[in-house]
Amino acid sequence: MPELKREDWFDLGRKLDWTPRYVPREELFPGFASDGSNLPAEAWEEWDEPYRVSYREYVNTQRQKDEALYGVKTAVGRARYVEGADPRWRGIIKEHYGVASVAEYFAGLSEAKLARFAPSSAWRSVATLGMLDEIRHGQLQLFFPHSYVKLDEQFDWAHKMYHTNEWGTIAARSIFSDLFLAGSAVDAAIAETFVFETAFTNLQFLGMASDALKAGDIEFSSLLQSIQTDEARHSQQGAAVIEVLLKHDRDHAQYIVDKSVWRTWKVFALLTGMGMDYYMPLEHRVRSFKEFMQELVLDQFSTYMLDSGLRLPWYWDQMADEVDNFHHSMHLGSWTYRPTLWWDPAAGVSPAERQWLAGKYPKWEQTWGRKWDVITENARAGREELTLPSTLPVTCNMCHLPITTWTDDPPPLRVLRTGGRAYRFCSDPCQWIFEQEPEKYEGHLSLIDRFVAGMIQPPDLNGALAYMGITPEVAGQDALGYAWARTPDSGEDQDRRR
Amino acid sequence: MGTPMPVVAHFRGDFFYALVLIEDSDTIATVADKCAMHSVGRRVPRRGQPFQVRYQGRVLDPGKTAAEEGVAPMEEVMVSYAGE
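Residues numbered from 1 in each chain as written. Chains lettered and ligands numbered in written order. Predicted model: local features only at pLDDT ≥ 70, side-chain atom pairs only at ≥ 80, totals over all residues.

Overview of the overall build of chain A
Within chain A, the secondary structure is distributed over 22 helices and two strands. The globule rule puts the C-alpha radius of gyration for 498 residues at 23 Å, and the 24 Å found for chain A is close to it. Its C-alpha atoms give chain A principal-axis dimensions of roughly 80 × 60 × 40 Å. In chain A, buried positions account for 47% of the 498 residues. (Helix = DSSP H or I, 4+ residues; strand = E, 2+ residues; numbered from the N terminus. Rg over C-alpha atoms; globule rule 2.2 N^0.38 Å. Buried ≥ 20, exposed ≤ 12 C-beta atoms within 10 Å, placed from the backbone.)

Some thoughts on the pairing of strand β5 (residues 76-81) of chain B
Residue and element names in this part refer to chain B. Here strand β1 (residues 4-11) runs beside β5; their pairing, made up of four bridges, is parallel. Bridge assignment links Ala9 to a residue of β5, and that residue is Val77. Where strand β3 (residues 51-55) meets β5, four bridges bridge the pair, whose relative direction is antiparallel. Within β5, the position partnered with Gln52 by the bridge is Ser80. (Pairing = 2+ DSSP bridges.)

Re the sheet that holds β3 of chain B
Think of a sheet as strands paired side by side through backbone hydrogen bonds, with each pair either parallel or antiparallel. Residues and elements named next belong to chain B. Taken in spatial order, the five strands of this open sheet run β2-β1-β5-β3-β4, and their pairing is mixed. Either end of the sheet is taken by a strand with one partner, and the two such strands are β2 (18-23) and β4 (58-59). Along the sheet, helix α1 (residues 28-36) makes contact with β1, β2, β3 and β5, crossing β3 at roughly 100°. (Contact = placed C-beta atoms within 7 Å. Axes fitted to C-alpha atoms, helices over the stretch in contact; angles between N-to-C directions.)

Points about the pairing of β2 of chain B
Residue and element names in this part refer to chain B. Here β2 shows a clear split, with Ala18, Val20 and Ile22 buried on one side and none of Leu19, Leu21 and Glu23 buried on the other. Bridge analysis of β1 against β2 gives six bridges, and the strand direction is antiparallel. Of the residues in β2, the one forming a bridge with Val8 is Leu19.

Here's the deal with the interface of chain A and chain B
Across the boundary between the two partners, chain A contributes 24 residues, which contact 19 residues of chain B. By residue class, the composition of the side of chain A that touches chain B is 16 nonpolar, six polar and two charged. (Nonpolar A, V, L, I, M, F, W, Y, C, P; charged D, E, K, R; others polar.)

Remarks on the environment of Pro4 of chain B
You can see Pro4 of chain B is positioned in strand β1. In sequence terms Pro4 of chain B and Pro73 of chain B are 69 residues apart; their C-alpha atoms lie 9.0 Å from each other.

What to know about the nonpolar core
If you look at the biggest cluster of nonpolar residues, it comprises 157 residues, and the most contacted ones within it are Ile190 and Val241 of chain A together with Ala9, Cys35, Val77 and Val79 of chain B. A total of 17 residues in this core trace back to one element, the largest contributor, which is helix α9 (residues 185-215) of chain A. Look past the residues within four positions of Ala9 of chain B in its chain and what remains in contact with it is Tyr17, Ala18, Val20, Cys35, Val77 and Val79 of chain B. (Core = buried A, V, L, I, M, F, W, Y, C linked by C-beta atoms within 7 Å.)

Describing helix α7 (residues 153-160) of chain A
Three or more residues of α7 of chain A are buried, namely Gln154, Phe155, Trp157 and Ala158 of chain A. The buried residues of α7 of chain A occupy one face: seen down the axis, they fall within an arc of 160°. (Arc of directions from axis to C-beta.)

Digging into the environment of Gly309 of chain A
Residues and elements named next belong to chain A. Position of Gly309 relative to the elements: it lies in the loop between α13 (289-307) and α14 (316-336). With 14 C-beta atoms packed within 10 Å, Gly309 lands in the partly exposed category. Taking the C-alpha atoms as reference, Gly309 lies 17 Å from Ser260; in sequence the two are 49 residues apart.

Focus: the confidence of the model for chain B
Averaged over every residue, the pLDDT of chain B is 97; residues scoring 70 or more account for 100%. Predicted complex, confidence summary: ipTM 0.97, pTM 0.94. (pLDDT = per-residue confidence, 0-100.)

Concerning α13 of chain A
Residues and elements named next belong to chain A. If you check α13, its first and last C-alpha atoms are 25 Å apart, about what 19 residues at 1.5 Å a residue would give, namely 27 Å. The largest bend along α13 measures about 30° and falls at Phe301. Of the positions making up α13, those classed as buried are Phe289, Lys290, Phe292, Met293, Val297, Phe301 and Met305. Immediately beyond the C-terminal end of α13, within one or two residues, lies Gly309, with a positive phi of roughly 100°. (Expected span 1.5 Å × (residues − 1). Bend = angle between axes of the 7 residues up to and from the residue.)

What to know about unusual backbone geometry
Cis geometry marks the peptide bond from Gln457 of chain A to Pro458 of chain A; its omega dihedral reads -10°. Within the element layout of this structure, Pro458 of chain A appears in the loop between α19 (447-452) and α20 (461-468). The backbone phi angle of Arg52 of chain A is positive, close to 45°, even though this residue is not glycine. Mapping Arg52 of chain A onto the fold places it in the loop between α3 (41-45) and α4 (55-77). The phi torsion at Gln56 of chain B lies on the positive side, around 50°, for a residue other than glycine. By C-beta crowding, Gln56 of chain B is classed as partly exposed, having 14 other C-beta atoms within 10 Å.

Details of the packing of α9 of chain A against helix α11 (residues 236-248) of chain A
All names here are of chain A. With their axes 7 Å apart at the nearest point, α9 and α11 run at an angle of 125° to one another. With respect to α11, the axis of α9 lies oblique. Between α9 and α11 lies a crossing of left-handed hand. The segment α9 lies against α11, with Val186, Ala189, Ile190, Thr193, Phe194 and Thr198 engaging Gln237, Gly238, Ala239, Val241, Ile242 and Leu245. Residues of the contact of α9 with α11, tallied by class, amount to eight nonpolar, four polar and no charged. (Parallel < 35°, antiparallel > 145°, perpendicular 65-115°, else oblique. Left-handed = near helix turned anticlockwise from the far one by under 90°.)

Overview of the packing of helix α5 (residues 87-117) of chain A against helix α12 (residues 250-279) of chain A
Residue and element names in this part refer to chain A. Where α5 contacts α12, the two axes come as close as 10 Å, and the packing angle between them is 180°. Classified by the angle their axes make, α5 and α12 are roughly antiparallel. Contact with α5, carried on its side by Arg88, Gly91, Ile92, Glu95 and Val99, involves Leu271, Gly275 and Tyr279 of α12 and no other residues of that element. Taken together, the residues that form the contact of α5 with α12 break down as four nonpolar, two polar and two charged.

This is how it looks when you write it as structure tokens:
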């Protein structure tokens with residue numbers, strides 16, 4: 001039997017749509033799960049993506065990837081890299097495996113939704129492979145760090161993070177539920193594949209991978225890079241959705257992009273920003289978080305948005321200000337609230353590190369350095385209690401992260417009063433997102449709402465730690481036991497800060 | 001003894017907004033102290049100067065109580081060194 005050319009059979013294998021006879025199409029693909037814009041079926045016939053991988057090809061490629069990756073694990077596992085690793089690096093991978101592993105299953109559920117409800121049959125075929133990708137990522141990132149569980153309680157706790165009410169977990173669940181799980185297939189594809197995977201995962205999965213390689217963690221670097229090759233393929237779904245939607249419902253496409261970029265930014269500011277600029281030992285840093293953000297998001301992704309026919313999000317000027325400051329505020333906050341973390345955060349503010357920060361962020365000393373001066377004095381003088389939290393921070397009712405400021409004279413807090421409740425927001429975009437779909441968000445209680453409502457008992461920090469599921473052996477401590485504060489400060493450093 | 005109530009406090013020069021429990025019978029000077037203890041000497045240098053409280057755009061009288069000045073639960077209280 002003569003073999004058909006690939007282009008002769010490929011569409012037959014992926015465009016598996018048919019005309020339903022027993023149920024109307026809108027019952028098969030209800031708007032809430034499929035396409036809220038309710039475009040006609042013909043519009044989605046135009047959907048196409050560039051990778052065009054068949055299932056057989058997919059399986060062959062994935063098998064090769066897994067063989068290579070497990071080969072690295074077997075070889076490197078003997079070296080027990082993590083066991084002897086710098087405590088700052090251990091902090092990075094504990095944070096990563098807590099936040100990322102189970103989030104991959106959220107992504108898998110989202111892809112499964114696309115595989116069932118995407119309004120184009122070609123798209124459903126690709127999403128099926130995307131779903132398998134995400135299951136692979138979840139399994140890899142649970143299996144690889146499992147051998148570290150025996151090392152300490154924090155590695156163990158990272159596995160159960162999403163099953164707790166730790167503050168960062170509340171924030172992460174909110175974002176992933178909103179972007180990946182709660183919307184239609186069309187919305188999820190834009191949020192997850194066009195924004196999250198195309199714009200941002202490169203920060204962690206390429207940027208952090210290059211840092212990992214430099215730090216000598218070959219296993220972690222190989223893992224991240226192997227995952228990113230899957231992301232590069234299945235993220236193409238989003239651009240294809242944007243292409244169709246822009247022709248028929250431009251405003252909705254723009255809205256989902258604007259919302260998703262802002263919400264996703266917040267995740268990566270914590271996940272990648274703090275690790276790159278504070279935890280990573282100075283000698284292993286490749287670039288600053290801001291430099292990665294500038295290249296991958298503010299330059300490349302903004303060009304990609306414009307080339308796709310979208311506008312830049314309306315808050316783009318505010319984004320640049322956030323990139324300069326927000327992750328510094330989260331680092332200062334999370335280091336202070338370190339008993340609420342499942343890793344030991346590095347302060348990352350020794351004189352040499354401050355010099356590096358000031359070089360990358362010209363206003364760092366003026367904005368953040370003077371706060372760290374007071375902390376450093378306390379740490380140096382053994383006044384640890386003054387470096388630890390004394391009350392709860394107020395959190396945003398959208399991103400659920402602490403509300404912070406980097407100016408001495410901030411404007412009044414953004415408060416929205418509706419339905420007998422007051423909602424507080426960290427930023428204009430967070431408030432704007434809430435106001436677009438208040439019915440989606442107004443029932444949710446922030447950590448502070450829960451505290452004020454009496455759901456956290458006793459109503460103090462110990463009660464909050466218990467509510468978060470953090471036990472004494474898990475609670476984070478300074479990664480280096482304050483050694484950074486005892487490092488002599490040269491006269492040059494003092495002059496520079498003046 | 002007054003009625004406890006939480007307020008959302010920010011001390012000028014610090015970076016976050018603290019949930020602080022005050023009582024409506026506290027003087028504004030006491031409210032300032034209760035808020036400042038979460039920032040001053042922690043991230044804001046001690047200066048040995050008095051504090052002031054700004055609420056809804058006006059500086060409050062340190063001798064009056066929170067109730068007299070109309071401070072409401074979960075509203076924003078801005079604290080700083082006097083004159084800032």
